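Here's the letter readout for the chains.
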Amino acid sequence: MFSSARIADDQVDKSNHAGAHERPLLERGWRYTVVGAICAIAHNAIMIAVDQLGGHYLLGIMISFLAVMPTGYALHSWFTFGKPLRLKAFARFAAGVAAAYPISVAMMVLLCSCLGLGVAIASPIATVALLIWNVVVAHFAILSRFNLKPITLPATSSRSTTGNEE
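Read on for an overview of the structure. (Residues numbered from 1 in each chain as written. Predicted model: local features only at pLDDT ≥ 70, side-chain atom pairs only at ≥ 80, totals over all residues. Heavy atoms only, no water.)

1. Remarks on helix α7 (residues 131-143)
Then step 1. Between its first and last C-alpha, α7 extends 18 Å over 13 residues, near the 18 Å set by a 1.5 Å rise per residue.
Then step 2. Where α7 is concerned, the buried positions are V135, V137, A138, H139, A141, I142 and L143. (Helix = DSSP H or I, 4+ residues; strand = E, 2+ residues; numbered from the N terminus. Expected span 1.5 Å × (residues − 1). Buried < 20%, exposed > 50% of the residue type's maximum accessible area, 1.4 Å probe, protein only.)

Next comes the structure, spelled out in structure tokens:
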């Protein structure tokens, strides 16, 4: 009884994480969209709040990175991809998001300092512009590759296929 319950629990645990490898990009797209929207809203709320409190948009970008990046990683791991949290994946995710930092800064300098747009307008524009980058980073960091098609896993059988059993 105990061993069969343990085997069942192990199978349930494995099935929770196996689906992420089998789900193609389009099937997990709505999950990515939900997490992306949460992160985008949080980022823009932080940017606007820092601006309203008299802080510079560069400070807002840094605060947003420190707050939103770990949240985004956790939500994408669990909800979007169904994967456990791993330090190596978190490091890849953080590096990918940090790599977009100069792009985000350049866009905010261009939109705010050069074109004179307010942070409440410039930040959402920059967020949308970085969308594709963020999609690729999340997929690569958590799945270690950009998976567009499902992976076919070989079926295993506990019974012999020789036909000599009675």
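Right, picking up where we left off after that structure.
2. Some thoughts on the environment of G96
Then step 1. Relative to the elements of secondary structure, G96 occurs in helix α4 (residues 87-99).
Then step 2. In the structure, G96 is positioned 38 residues away from N134 in sequence and 8.0 Å away in space, judged by C-alpha atoms.

3. Topic: the layout of surface pockets
Then step 1. What the largest pocket holds in volume is close to 730 Å³.
Then step 2. Around the largest pocket, the lining comprises 33 residues; the ones closest to its centre are C39, A40, V68, T127 and N134.
Then step 3. Elements that contribute at least two residues to the lining of the largest pocket include exactly α2 (25-52), α3 (57-80), α4, α5 (101-114), α6 (119-129) and α7.
Then step 4. No other element matches the 10 residues that α2 contributes to the lining of the largest pocket.
Then step 5. A per-class count over the lining of the largest pocket returns 20 nonpolar, 12 polar and 1 charged. (1 Å grid on protein atoms, 1.4 Å probe; cavity = no way out; pocket = protein on both sides within 12 Å on 5 of 7 lines; lining within 4 Å. Points joined across faces, edges and corners; volume = space filled by probe spheres on them. Nonpolar A, V, L, I, M, F, W, Y, C, P; charged D, E, K, R; others polar.)

4. A word on the side chain of N44
Then step 1. Relative to the helices and strands, N44 is located in helix α2.
Then step 2. A polar contact of 2.8 Å, which involves the side chain of N44, links it to the backbone oxygen of A40.
Then step 3. If we skip the residues at most four places from it in the chain, N44 touches S123, P124 and T127. (Polar contact = N/O pair within 3.5 Å; in protein donor to acceptor, adjacent residues only side chain to side chain. Contact = heavy atoms within 4.5 Å.)

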